[in-house]
Amino acid sequence: MNPPTALAAHPLTVVDTPRGQVQYRDSGAPGPVTHVLLHGIGSASASWAFQLAAARVAGVRALAWDAPGYGLSTPIGTEHPQAADYAARLWSWLDAMGVGGAVTLVGHSLGALMVASAAAQQPQRVRQLVLLSPAQGYGTATPADRAKKLEDRLATLHKLGPEGMAQARGAAMLSPNAPTHLVQAVQDTMAQVVPAGYTQAARMLSTGDLLADLSRAGCPVTVACGSADTITPPEGCRRVAQHLGLSLVDLGPAGHACPLEAADPVNRLLGF
């Protein structure tokens, strides 16, 4: 099954919340636990194609959003948002969806910063955090280093545009042995990012501090990544796990886009 086929049963839907509109995909399956899936900076809800499909078969509720500023989701109302702003929108969205009880929050890359902040805001609502190839943010870096990282990322966007960035960077999201259809899926999704939303997310990344938010999360955490990840390499992900007294879960020879390239191990990790 390729990603477009998997997504066919999970069309994009929009819901209004007091904090703005959210575009999302829904597995549509009933279940006592809702898994909430948050994508990375150059991605979208489409990156969870195989998790949504597996959740539907397993009878598990899974919701995957397009982050604020992505797709039709309303941007955050400040030019320099913090992870807490995305977390507040997350809870507003789940309230609008009528999601009660504890949820499992799953964050990939930049999404890890969002779910960690969400757990810090409302720990009583979080059953578990699953961090896949987590981005740690640059909140503890020097101001000069933070500014340089942000300037470099935005310069690439401005120079190439979303489509050019997708062609230049898409393949690096996967291992060298990834099949062509997955490379195409990553590139297609990255090519659709909205520059303004991407810019806001990049600014959040520049100030984020994953470890600080995890210290206030108060719930079980799992940290996992693929051994071929060159974006958030295993060494960095292992440090996140060790900070929590955990072992890093190895998803096999997959690159950064592990929900696509390591779909089966990720699905097993989530219980789908």
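See the structure above.
In what follows, the accompanying structure is described. Since the model is a prediction, treat every value here as computed from it, not as a measurement.

Moving on, we get to the pattern of salt bridges. Pairs can form between side chains of opposite charge once their charged atoms are near each other. For the structure on display, the rule yields four salt bridges. In this structure, D26 and R61 form a salt bridge, with 2.8 Å as the shortest nitrogen-oxygen distance. Here D26 is found in strand β2 (residues 20-26), whereas its partner R61 is found in strand β4 (residues 61-66), with 35 residues between them in sequence. A relative accessible area of 19% means that D26 is categorised as buried. Its salt-bridge partner being R125, residue D95 comes within 3.0 Å of it at the nearest N-O pair. Remark: R125 occurs in the loop between α4 (110-121) and β6 (126-132) and D95 occurs in helix α3 (residues 83-96); sequence separation between them is 30 residues.

Now for the pairing of strand β3 (residues 34-38). Among the five residues in β3, five count as buried, and that is most of the element. Residue alternation in β3 divides its side chains into two sets, T34, V36 and L38 and H35 and L37, and both sets are buried. One ladder, built from four bridges, connects β3 with β4; its direction is parallel. Across the sheet, the residue bridging to T34 is R61, located in β4. Assessed by its sense of winding, the connection that carries the chain from β3 through helix α2 (residues 49-58) to β4 is right-handed. Across five bridges, the pairing between β3 and strand β5 (residues 103-108) is parallel. Bridged to H35 within β5 is T104.

It is worth spelling out α3 at this point. Its 14 residues give α3 an end-to-end C-alpha distance of 20 Å, which sits within 8% of 20 Å, the value for a rise of 1.5 Å per residue. In terms of burial, α3 is a largely internal element, 10 of the 14 residues being buried. Looking at α3, one finds that the buried residues are A83, Y86, A87, A88, R89, L90, W91, S92, W93 and L94. G98, located one to two residues past α3, shows a positive phi value of around 70°.

Reading the values: rules and limits
- Residues numbered from 1 in each chain as written.
- Predicted model: local features only at pLDDT ≥ 70, side-chain atom pairs only at ≥ 80, totals over all residues.
- Heavy atoms only, no water.
- Salt bridge = Lys/Arg side-chain N within 4 Å of Asp/Glu carboxyl O.
- Helix = DSSP H or I, 4+ residues; strand = E, 2+ residues; numbered from the N terminus.
- Buried < 20%, exposed > 50% of the residue type's maximum accessible area, 1.4 Å probe, protein only.
- Pairing = 2+ DSSP bridges.
- Right-handed = clockwise from strand over helix to strand, strands pointing away.
- Expected span 1.5 Å × (residues − 1).

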